[in-house]
Amino acid sequence: MSFNDVVVVGPLAVDMSQNSITFKDKSAYLGPLRTHLLGYLCKHVNQVVGRDDLSDAVWGRSVSDHTINQHISQLRKVITTLNNTDLTIATIPKKGYIARCESVGQPNRTKAEPAQVQAKALLLSDPVTCQQIQSHMEDGELKHLEMFSSAGLLHERLMINEFQVVIVDTDLANAEGLKLIKAIRTGQTLASSDIAILSMASEASKQLLGFNVLMDVQGLVVKPVNNEVLEKQIKSALAARFKLKPNVAYDLVPTMLNTSVNVNLQSTCMSS
């Protein structure tokens, strides 16, 4: 099975090149290993696949039942989160697993057309800024923007990868916004690491501009926010292209912009 394949089973598609799963108008990022695991099961849809076969095909070596069970459990959670009822992964005691889809007899492994999903954005800022943006929205303007003043709630929303841009307020206390950007780029959230990111701040300081460059941030939104300008910046961020650096390059970027602490010490002391 090629890593450029799209394995289609009924209304669900597993994109091996993007490490994602799409169901109708929703998609979620799985990561390379779980994508390969689900793709292999879907390639053998409605057939029992033994644990040894899964180990060889996905890991390339023998792995424990516990390891396989953990990844199968995560796949089930993602499939449930997508509200998918067509595909299920069942455990067959003493034999292995089976990906069941009643609407198909054999898997369709032809290349799927890219899903036509309208661009959506998530924003993390303080309640006052969120309210200010909300109060100036007009019909049709920023209608696909979801706003959060809690990082915890935003992290929950990241479970569904149906958005293309994250806008992060870097003025938040305890460098919360800066840490979130680093967490996204280093794969510590459920968002795709190469998602488009816009930072938001009350001023364009040299430290923040440098941080944006090092973290591959696609633009800066200056407060108070002009909704029309913000909408244009979202579109511009979507059109931008870049290549992810190795995680270590992002890990070394300080998240406390107003201090001169040594980078190595900063990386050790600060949580991502």
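Just above, that's the structure.
First, a word on what this report is: a plain description of the structure on this page. Everything numeric in this text was worked out from a predicted model, so none of it was measured.

This next bit is on the pattern of salt bridges. Applying the stated criterion to the full structure yields six salt bridges. Put simply, lysine 223 and aspartate 169 hold a salt bridge, and the shortest N to O gap is 2.9 Å. Of this pair, lysine 223 sits in the loop between strand 12 (219-222) and helix 8 (227-239) while aspartate 169 sits in strand 10 (residues 165-169), placing them 54 residues apart in sequence. Taken as a pair, lysine 223 and aspartate 169 share a single burial class, namely buried. Aspartate 216 is paired through a salt bridge with lysine 245; the nearest N and O atoms lie 2.9 Å apart. With aspartate 216 in the loop between helix 7 (206-214) and strand 12 and lysine 245 in the loop between helix 8 and helix 9 (247-251), this residue pair connects regions lying 29 residues apart in the sequence. The exposure class of aspartate 216 is buried, given its relative accessible area of 14%.

Bringing the pairing of strand 3 (residues 20-23) into the picture now. Each regular strand carries side chains that alternate between the two faces of the sheet. Taking every second residue as pointing to the same face, both faces of strand 3 are buried, with Ser20 and Thr22 on one and Ile21 and Phe23 on the other. Bridge analysis of strand 2 (residues 12-15) against strand 3 gives four bridges, and the strand direction is antiparallel. Of the residues in strand 3, the one forming a bridge with leucine 12 is phenylalanine 23. With antiparallel pairing between neighbouring strands as the criterion, strand 2 and strand 3 make up a hairpin whose turn holds four residues, including asparagine 19 at a positive phi of roughly 55°. Bridge analysis of strand 3 against strand 4 (residues 26-29) gives four bridges, and the strand direction is antiparallel. From the neighbouring strand, phenylalanine 23 faces strand 4, where its bridge partner is lysine 26. Between strand 3 and the antiparallel strand that follows it, strand 4, lie two residues; lysine 24 among them carries a positive phi value of about 60°.

Take unusual backbone geometry next. Look at the link from lysine 223 to proline 224: it is a cis peptide, with omega at 0°. Position of proline 224 relative to the elements: it lies in the loop between strand 12 and helix 8. One non-glycine residue, asparagine 19, lies in the positive phi region at around 55°. Residue class for asparagine 19 comes out buried when judged on its relative accessible area of 17%. At asparagine 174, a residue that is not glycine, the phi angle is positive and equals roughly 60°.

How each quantity is defined
Residues numbered from 1 in each chain as written. Predicted model: local features only at pLDDT ≥ 70, side-chain atom pairs only at ≥ 80, totals over all residues. Heavy atoms only, no water. Salt bridge = Lys/Arg side-chain N within 4 Å of Asp/Glu carboxyl O. Helix = DSSP H or I, 4+ residues; strand = E, 2+ residues; numbered from the N terminus. Buried < 20%, exposed > 50% of the residue type's maximum accessible area, 1.4 Å probe, protein only. Pairing = 2+ DSSP bridges.

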